[in-house]
Amino acid sequence: MIFQLEHSINQRINLPENFGVELYVKREDRIHPFISGNKYRKLKYNLQEAGRLEYKTLLTFGGAYSNHIAAVAAAGKAFGFNTIGVVRGEELQSKINENVTLRFAQNEGMQFKFVSREAYRDKTSESFLNDLKNEFGSFYTIPEGGTNTFAVKGCEEILSEEDKTFDVICCAVGTGGTISGLINASYGNQQILGFPALKGDFLKEDISKFVAKGNWKLITDYHFGGYAKINQALIGFINSFKIENDIPLDPVYTGKMMYGIYNLIENGYFSKGSKILAIHTGGLQGITGMNATLKKKKLPLIQ
Ligand SMILES: *Cc1c(COP(=O)(O)O)cnc(C)c1O
């Protein structure tokens, strides 16, 4: 396996003097052009395991604009696996070319199985998986969003020795694999703050399965109404953050996290002089898809 793990750089953000804290962004979005951010970390040990067990094919699950689907397709191609994506929404079958994520994944060699929302909900059932085995032969299954113990192990490698000096580490949360790795790799005096990108309080329990420490918290005020829901304030924030810092943020995860961090700073949430590290988990491939939706709604686009 030739995953070359360099540690990504921490970029300092220029904040107004009166904010009273220091903020850095760990540029995990720069790790790989297609297998970016946390999806790269989450796949590393899964691909090693699939190789060790001599599987030739990876199968995973995702929605229409899934960063995970794109990453699995690219990683499969790079490391010599066939890939199968079980995609939510039968109607997408005829729209692959209109959907940047699916088109990209297909170009990387991914085969799709489009299923109804109802069937998708049942995707981990034995009968569904057996049907897939009959159709595609044997495969190594990577769960939706990629979170399992191998993924958490990979995410533990996001932090390095030099990150010891931070008081607070922030990340966006989807299934909780990334924050679990950060918690496991954190030092005792550090606090890990997760910003869920979706509504619901199942996450705390999911994360607790992977971690033993208690130095973490979920900030649930910045999901903007739910998964992939956005508004003009968020778009405006993402666009000005990019102009000021030359760092693109995605609208589903990192944009909401960063909006939340700024809001908390402005509200005096952090103690004076705190050193904060925000993890840029990537996801930039999702911007084009979101812009297609915004354009239809005649809303401002993400630049
Ligand atoms: C998938 C994803 C997340 C969520 O990671 P989890 O490990 O599922 O919590 C966060 N940020 C980006 C950009 C992602 O693509």
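What you see is a predicted model; the values in this text were computed from it and never measured.

J.: Break down the overall build of the protein for me, citing the residues and quoting the values.
T.: Tallying secondary structure elements over the protein gives eleven helices and ten strands in all. Rg of the C-alpha trace for the protein: 19 Å, near the compact-globule value of 19 Å for 303 residues, within the 12% margin. Along the first, second and third principal axes, the C-alpha atoms of the protein reach 60 × 45 × 35 Å. Across the protein, every contact between residues at least 6 apart in sequence was considered, and the portion connecting residues at least 24 apart equals 74%.

J.: I'd like a description of the site of the ligand, backed by residues and values.
T.: As a structural note, the neighbourhood of the ligand is formed by 16 residues, with Lys 39, Lys 42, Thr 175, Thr 178 and Thr 281 the closest of them. In the model, an oxygen atom of the ligand is placed 2.6 Å from a nitrogen or oxygen of the Lys 42 side chain. Protein chains shield 98% of the accessible area of the ligand, which is 380 Å² for the free molecule. Of all the secondary structure elements, the ones that give two or more residues to the shell around the ligand are α1 (37-52), β7 (168-173) and α7 (177-185). Its residues assigned to classes, the shell around the ligand shows three nonpolar, eleven polar and two charged. Two domains each put at least three residues into the shell around the ligand: domain 1 (10-34 + 154-296) and domain 2 (38-146).

J.: Which residues make up the UniProt feature "modified residue: N6-(pyridoxal phosphate)lysine" (unreviewed entry) in the protein, and what values go with them?
T.: Taking the numbering used here, the UniProt-annotated feature "modified residue: N6-(pyridoxal phosphate)lysine" (unreviewed entry) corresponds to Lys 39. Looking at the secondary structure, you find Lys 39 in helix α1. Apart from the residues lying within four places of it in its own chain, the contact partners of Lys 39 are Asn 67, His 68, Ala 71 and Gly 145.

J.: Summarise the packing of helix α2 (residues 67-79) against helix α3 (residues 100-107); cite the residues concerned and give the values.
T.: The contact between α2 and α3 brings their axes to 8 Å, and the two run at 15°. Classified by the angle between their axes, α2 and α3 sit roughly parallel to one another. Handedness of the α2/α3 crossing: left-handed. For the pair formed by α2 and α3, the contact residues are Ile 69, Ala 70, Ala 73, Ala 74 and Lys 77 on the first element and Thr 101, Phe 104, Ala 105 and Asn 107 on the second. The class makeup of the residues in the contact of α2 with α3 is six nonpolar, two polar and one charged.

J.: Provide a residue-level description of the nonpolar core, including the pertinent values.
T.: As a rule of thumb, nonpolar side chains are buried together in soluble globular proteins. Counting 37 residues, the largest nonpolar core has Leu 23, Phe 195, Phe 241, Met 258, Ile 261 and Tyr 262 as the members making the most contacts within it. Among the secondary structure elements, those contributing two or more residues to this core are β2 (22-26), β7, β8 (191-196), α9 (232-245), α10 (254-266), β10 (275-279) and α11 (286-296). No other element matches α10, which puts six residues into this core. Those residues in contact with Tyr 262 that sit more than four places away from it in its chain are Ile 13, Leu 15, Phe 19, Leu 23, Phe 237, Phe 241 and Asn 245. If you look at the next biggest cluster of nonpolar residues, it comprises 28 residues, including Leu 47, Ala 73, Val 87 and Phe 104.

J.: Account for the domain arrangement of the protein, with residues named and values stated.
T.: Along its sequence, the protein is organised into domain 1 (10-34 + 154-296) and domain 2 (38-146). For domain 1 and domain 2, the distance between their C-alpha centroids amounts to 26 Å. Together, the buried faces of domain 1 and domain 2 total about 1,500 Å²; carbon and sulfur atoms form 54% of this surface. For the domain 1 face of the interface with domain 2, the top three residues by lost area are Phe 34, Glu 157 and Gln 285, together amounting to 35%. Viewed at the interface, domain 2 and domain 1 are joined by two salt bridges. A salt bridge links Glu 28 to Arg 41, with the nearest nitrogen and oxygen atoms 2.7 Å apart. One can count eight residue pairs in polar contact (both at pLDDT 80 or more) joining domain 1 with domain 2. Looking at the side of domain 1 that touches domain 2, the elements with two or more residues in it are α6 (149-155) and α11. Looking at the side of domain 1 that touches domain 2, the element that brings in the most residues is α11, giving three residues. Per-class residue counts for the side of domain 1 that touches domain 2 are five nonpolar, ten polar and two charged.

Reading the values: the criteria
Residues numbered from 1 in each chain as written. Predicted model: local features only at pLDDT ≥ 70, side-chain atom pairs only at ≥ 80, totals over all residues. Heavy atoms only, no water. Helix = DSSP H or I, 4+ residues; strand = E, 2+ residues; numbered from the N terminus. Rg over C-alpha atoms; globule rule 2.2 N^0.38 Å. Contact = heavy atoms within 4.5 Å. Near = heavy atom within 4 Å. Polar contact = N/O pair within 3.5 Å; in protein donor to acceptor, adjacent residues only side chain to side chain. Areas by Shrake-Rupley, 256 points an atom, 1.4 Å probe, with all protein chains shown as cover. Nonpolar A, V, L, I, M, F, W, Y, C, P; charged D, E, K, R; others polar. Domains from an automatic or database assignment. UniProt positions renumbered as here; feature names shortened; annotations may be inferred. Axes fitted to C-alpha atoms, helices over the stretch in contact; angles between N-to-C directions. Parallel < 35°, antiparallel > 145°, perpendicular 65-115°, else oblique. Left-handed = near helix turned anticlockwise from the far one by under 90°. Core = buried A, V, L, I, M, F, W, Y, C linked by side-chain atoms within 4.5 Å. Buried < 20%, exposed > 50% of the residue type's maximum accessible area, 1.4 Å probe, protein only. Buried area = accessible area lost by both parts, 1.4 Å probe. Salt bridge = Lys/Arg side-chain N within 4 Å of Asp/Glu carboxyl O.

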